[in-house]
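Here are the chains, one letter per residue:
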Amino acid sequence: MGKFNVIVNRIGIRLTFRIRMFKPSILFNAIFFAIIPSILMTIGICGYIVHATSVERDKLIEEQAVNLVDSIAYASEYNLISLNKVGLQSKLRDINATSSLPISNILIYDDTGELFVASNYTQLDFSYHTSSNLGTQLARPNSQKLIVNSPIFAFDSSFNQTAQWQSSQQTQQPIGHIVLVLDLSAETYQRFITNLNLFVLIGIAAILTAILMIALVNRVIRPVQAFVQAVKRIGSGDLKFRLDIPVQYEFNDLKDGINVMAAQLQHHQAKLESEIEDATRDLQQNLLLVEEKNAELDIARKEALEASKVKSQFLATMSHEVRTPLNAIVGFTKELEKAQLEEPYKDYVTTINASADNLIAIVNDVLDFSKIEAGKIELDHSAFNLMQTVEDVTKLMSRDAFTKGLVFSVESDALPIAAIGDQHRFKQILTNLLSNAIKFTPKGFVILRLKIESVSESQHLLTVEVQDSGIGISKDKQSKLFKAFHQADASTTRKYGGTGLGLAITHGLVSKMNGKLNIDSTLGKGSTFTLQLPITTSKPSTIDKMQKLHKALVLDPHSVTYTAYRQLFQQLGIAADIYSETEEWESQVRQVENYDLIVIASDSDEESLELLPLQAAFAAKQQCNALIVLSVPLYSSLPEEHKKMLGDWPVTEKPFTLSKLENAWKKYDRLTWLADESLDTLNQDVIQSGSKIKMLAVDDNETNLKLLSAILRNGRVELTTTTSGKSACEIAEQDEFDIILMDVQMPEMDGVQTTARIRQGKLNRSTPIIAFTAHAFKEERENLLKNGMDDYLAKPIDMDKFNQLVAKWVIGAADFAEQQKHKRSHSVIKHGIDWSLALEKAANNHKTAVEMLTMLISTFDGVKQDINTALANNDQAALLNVIHKFHGSTCYSGVPYLRQLANNIESQLKKGVIVNVEEQLEKLSNEMDNVASGLSAIPQNKPN
């Protein structure tokens with residue numbers, strides 16, 4: 001039965017798996033998962049009961065048979081011993097007749113195995129076999145017969161029956177055997193009939209149960225299927241479908257719920273469709289509006305682009321129209337400044353000039369902002385001196401700061417000399433930041449800090465900080481700073497002035513240079529603008545230590561400048577003591593000796609200026625060998641009577657920077673050691689004695705031509721002017737010029753047409769033609785260059801740029817032959833003393849020329865001795881130092897050959913290329929003797 005249940009379960013599992021594979025209906029699932037398993041379980045249970053009953057019945061028959069055999073064996077003992085066959089047979093027949101067991105025969109055998117007696121002699125088909133087993137045995141030769149075999153023992157009554165029985169059972173031999181034969185055929189048939197009836201009844205009951213379950217399931221499943229189909233139809237969109245099948249109990253509630261749900265869904269669908277239709281109509285209307293707006297925006301964008309082009313053209317035209325009169329105003333006012341005008345007219349001219357400069361700055365700001373806004377700002381990428389650029393800006397802006405009574409300080413790292421970038425725009429950024437700080441600082445200080453960090457060998461990050469103690473800016477207003485025409489507060493515009501374009505332009509330029517500009521400010525406590533700018537430069541300069549300058553002392557009443565002084569002297573390797581209190585400074589001057597430099601700084605008020613020379617005299621008395629330098633703001637602008645207060649002490653303007661320190665120390669070193677290099681006199685002579693440059697200037701504005709004539713009246717330029725392109729072409733056909741300055745916008749024939757006509761001629765086909773116009777955009781410049789012009793000069797005229805253009809296009813070409821000719825004429829340099837050159841060096845002062853020669857000759861012995869010492873020690877650096885100083889001293893006297901020898905030797909030593917240096921040193925020594933002997937031929941006093 002256990003195996004049967006396992007097989008049934010496996011079959012059920014397989015059927016279940018296959019049924020799930022095919023996804024049967026609910027009825028199918030109910031039959032196979034409920035009814036069939038129930039029937040099979042009922043049949044299994046009934047089969048198990050029948051089987052258990054049969055086994056129990058067989059066991060009972062066997063037990064009854066064994067008990068009967070034991071009773072017969074006991075009853076047969078005496079008859080077997082007494083050989084009473086008749087009595088024993090009678091007993092056996094009685095037992096056979098009265099027993100409930102289906103006895104077929106009872107057989108008694110004696111101890112020899114011979115049949116002693118039988119209950120039925122007609123059925124003696126059983127043969128006895130002696131067995132060694134003394135116990136009762138059961139045998140089933142077939143399914144319809146049961147044989148029970150048991151031995152018969154003799155019992156002795158004289159002994160204890162129990163002990164006698166136990167011992168005899170173990171030791172005695174049986175006196176016979178009894179065999180009971182049962183015929184089970186009738187029992188088996190009866191059992192079959194009983195089991196058959198049981199299975200029939202169970203089958204009928206299972207069938208009836210299945211029918212009832214199917215009916216019940218069908219009654220439950222049909223509504224469920226109807227509900228499922230209804231939900232599917234409703235889910236597929238048929239919201240009008242309603243359930244109308246007859247159901248009872250909870251199914252009726254479910255049917256009503258599904259119908260109500262369908263009705264609600266239908267209602268909501270209708271409402272949603274209505275809303276969608278409304279939204280669709282609104283969307284269509286909005287799309288139409290959007291399309292209309294897009295069309296309007298597209299038209300507006302095109303109009304804006306066109307307006308931008310028109311604005312750009314308008315700005316270019318206005319630039320020309322505004323700069324043209326400004327050119328005349330600025331030019332003539334600058335010329336008037338040179339004239340010796342009486343007061344108050346001189347002051348008027350100065351005011352006009354300052355106002356014109358301010359107007360030009362405003363025009364430039366508007367144009368720059370327009371270029372940035374239009375995305376047409378172009379940056380130059382050329383080499384420039386970064387250190388000198390910063391120096392120029394600080395020199396300019398410090399004047400504005402000191403004029404307001406502010407403290408202005410510069411704290412700078414060692415900046416590289418060569419940088420690649422737009423020098424003009426960098427100046428503009430730095431100027432705007434400083435100007436903004438100075439403008440909004442009523443009192444206190446403005447500090448410029450410059451730091452440079454190396455990113456790679458050629459790439460560096462320049463950090464510029466401009467800190468002030470001004471009015472400051474609140475946090476909520478800082479976001480407006482970099483917007484055009486905005487200041488932190490409208491009242492500042494009325495109080496401090498300005499267009500509000502400076503920081504907007506600065507921010508635009510910084511962004512164009514891939515830099516960053518940040519602000520940190522607190523209202524009422526000042527501001528700090530931080531600029532970070534990537535630049536391509538050489539390595540940061542390593543400042544060479546100045547000779548004989550090891551120790552410095554500084555007195556400055558403003559402690560905010562301490563860091564600037566300390567940073568400057570640290571870069572030079574100079575130990576510096578800095579004080580702000582006069583008493584401490586005086587105590588230091590008395591106590592510490594051997595200062596090489598003493599800087600005394602002060603304000604420019606009259607009281608401070610009166611005190612300065614006294615402090616300088618005190619310091620000079622205590623430190624005899626120190627250079628004493630006075631540092632005063634706005635020295636060049638001081639009245640003459642204030643300058644006279646300072647006496648003959650060397651003075652520099654604040655802020656005290658590296659270049660001012662170098663200049664002061666060089667002058668001191670020159671006076672002390674006569675060891676300074678002068679400019680190349682050959683180039684100066686070429687500039688002064690060269691032929692005049694022939695220039696043709698074409699401009700329809702006569703004012704510009706008058707201004708140009710006034711500016712160039714004392715120069716090397718032979719100027720020809722004309723007011724029309726046609727006249728310029730006629731003049732160009734008659735005369736050859738070195739350079740032509742061409743206005744672009746002229747009536748009848750503009751500058752481009754005039755240039756093309758001149759290029760067709762013979763005389764000025766290759767003459768450089770420079771466009772002279774106020775157009776500010778790069779596109780205009782490129783267009784002019786494409787149309788035959790060689791370069792570009794903006795209005796109003798900038799003499800520095802003008803001189804650069806002349807040097808580039810004229811001196812670089814036209815004067816080349818003249819320079820070569822001049823060099824050839826001077827190739828034979830006069831030995832000894834060139835007295836005419838000596839007089840020229842001394843400004844034609846006979847006595848001064850003799851004194852300079854005498855001073856030079858007095859150094860010959862010391863120079864010779866130093867040269868011999870350096871040669872003996874094989875010290876090339878010492879030799880270079882001696883020759884360098886001596887070369888500088890020869891520049892102030894008329895000894896051309898001696899100077900040439902010194903220059904050649906110094907050049908070789910500097911370059912490390914030594915060719916017959918000892919021979920040249922010998923020539924130098926001989927030439928010294930020649931110069932010394934030549935002095936005796938020159939009279940000490942100027943002859944009458």
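To be clear, the structure that these remarks concern was listed above.
Since the model is a prediction, treat every value here as computed from it, not as a measurement. (Residues numbered from 1 in each chain as written. Predicted model: local features only at pLDDT ≥ 70, side-chain atom pairs only at ≥ 80, totals over all residues. Heavy atoms only, no water.)

*Asks:* What is the right way to read the overall build of the chain from this model?
*Replies:* If you tally the helices and strands in the chain, you get 29 helices and 22 strands. In the chain, which comprises 944 residues, the share counted as buried stands at 39%. Restricting the contact set of the chain to residue pairs at least 6 apart, pairs at least 24 apart contribute 69%. (Helix = DSSP H or I, 4+ residues; strand = E, 2+ residues; numbered from the N terminus. Buried < 20%, exposed > 50% of the residue type's maximum accessible area, 1.4 Å probe, protein only. Contact = heavy atoms within 4.5 Å.)

*Asks:* I'm lost on the pattern of salt bridges in this one. Help?
*Replies:* As a working rule, side chains carrying opposite charge can pair if their charged atoms are close by. Inspection of every chain in the model, using the stated rule, returns 12 salt bridges. Put simply, aspartate 392 and lysine 427 hold a salt bridge, and the shortest N to O gap is 3.8 Å. Highlighted residues: aspartate 392 in helix α8 (residues 386–403) and lysine 427 in helix α9 (residues 423–439), separated in sequence by 35 residues. When its relative accessible area of 31% is taken as the criterion, aspartate 392 is described as partly exposed. Aspartate 790 is the salt-bridge partner of arginine 759, the closest N and O atoms lying 2.7 Å from each other. (Salt bridge = Lys/Arg side-chain N within 4 Å of Asp/Glu carboxyl O.)

*Asks:* Would you mind showing me how to read the packing of helix α26 (residues 860–872) against helix α27 (residues 876–889) here?
*Replies:* In a packed pair of helices, the relevant descriptors are the angle between the two axes and the axis-to-axis distance. Relative orientation of the contacting elements α26 and α27 amounts to 160°, with a least axis distance of 8 Å. With respect to α27, the axis of α26 lies roughly antiparallel. When the axes of α26 and α27 are compared, the crossing they make is left-handed. Every residue of α27 that contacts α26 at Phe860, Val863, Asp866, Ile867, Ala870 and Leu871 is listed here: Ala878, Leu879, Val882, Ile883 and Phe886. Broken down by class, the residue content of the contact of α26 with α27 amounts to 10 nonpolar, no polar and 1 charged. (Axes fitted to C-alpha atoms, helices over the stretch in contact; angles between N-to-C directions. Parallel < 35°, antiparallel > 145°, perpendicular 65-115°, else oblique. Left-handed = near helix turned anticlockwise from the far one by under 90°. Nonpolar A, V, L, I, M, F, W, Y, C, P; charged D, E, K, R; others polar.)

*Asks:* Can you help me understand the packing of aromatic side chains in this one?
*Replies:* Both the distance between ring centres and the angle between the ring planes are used here to describe each pair of aromatic rings. One pass over the full model with this rule turns up 5 aromatic pairs. Between phenylalanine 384 and phenylalanine 426, the aromatic rings sit 6.5 Å apart at their centres with planes inclined by 35°, giving tilted as the arrangement. Of the two residues, phenylalanine 384 sits in strand β6 (residues 382–385) while phenylalanine 426 sits in helix α9, which places them 42 residues apart along the sequence. Considering the side-chain rings of tryptophan 585 and phenylalanine 618, the 6.2 Å spacing of their centres and the 55° angle between planes classify their relative orientation as tilted. Remark: phenylalanine 618 occurs in helix α14 (residues 606–622) and tryptophan 585 occurs in helix α13 (residues 582–591); sequence separation between them is 33 residues. For tryptophan 585, a relative accessible area of 0% corresponds to the buried category. The ring centre of tyrosine 635 lies 5.4 Å from the NZ or CZ of lysine 643, which sits over that ring. Above the plane of the ring of phenylalanine 737 lies lysine 694, whose end atom (NZ or CZ) is 5.8 Å from the centre. (Phe/Tyr/Trp six-rings, centres within 6.5 Å; stacked < 30°, edge-to-face > 60°. Lys NZ or Arg CZ within 6 Å of the ring centre and 35° of its normal.)

*Asks:* Would you take a moment to explain the nonpolar core for this structure?
*Replies:* Generally speaking, soluble globular proteins have nonpolar side chains that are buried together. Counting residues in each nonpolar core, the largest one holds 40 residues, and the members touching the most others are Leu434 and Leu448. When residues of this core are traced back to their parent elements, those giving at least two are α8, β7 (407–412), α9, β9 (445–454), β10 (459–468), α11 (502–512), β11 (516–522) and β12 (526–537). Considering every element that reaches this core, the biggest residue donor is α9, with 7 residues. Every residue in contact with leucine 448, bar those within four places of it in the chain, is listed here: Val390, Thr394, Ser409, Val410, Glu411, Leu430, Leu434, Val464, Glu465 and Val466. (Core = buried A, V, L, I, M, F, W, Y, C linked by side-chain atoms within 4.5 Å.)

*Asks:* I tried to follow empty space enclosed by the protein on my own but got confused; where do I start?
*Replies:* To find leftover empty space, one rolls a probe the size of a water molecule over the atoms. Counted under the stated rule, the structure contains 4 cavities of 30 Å³ or more. Considering only enclosed or pocket space, the largest cavity measures out at about 80 Å³ in volume. Only β18 (693–698), α18 (702–711) and β20 (739–743) provide two or more residues apiece to the lining of the largest cavity. Looking at the lining of the largest cavity, the element that brings in the most residues is α18, giving 3 residues. Class assignment for the residues of the lining of the largest cavity results in 8 nonpolar, 2 polar and 1 charged. (1 Å grid on protein atoms, 1.4 Å probe; cavity = no way out; pocket = protein on both sides within 12 Å on 5 of 7 lines; lining within 4 Å. Points joined across faces, edges and corners; volume = space filled by probe spheres on them.)

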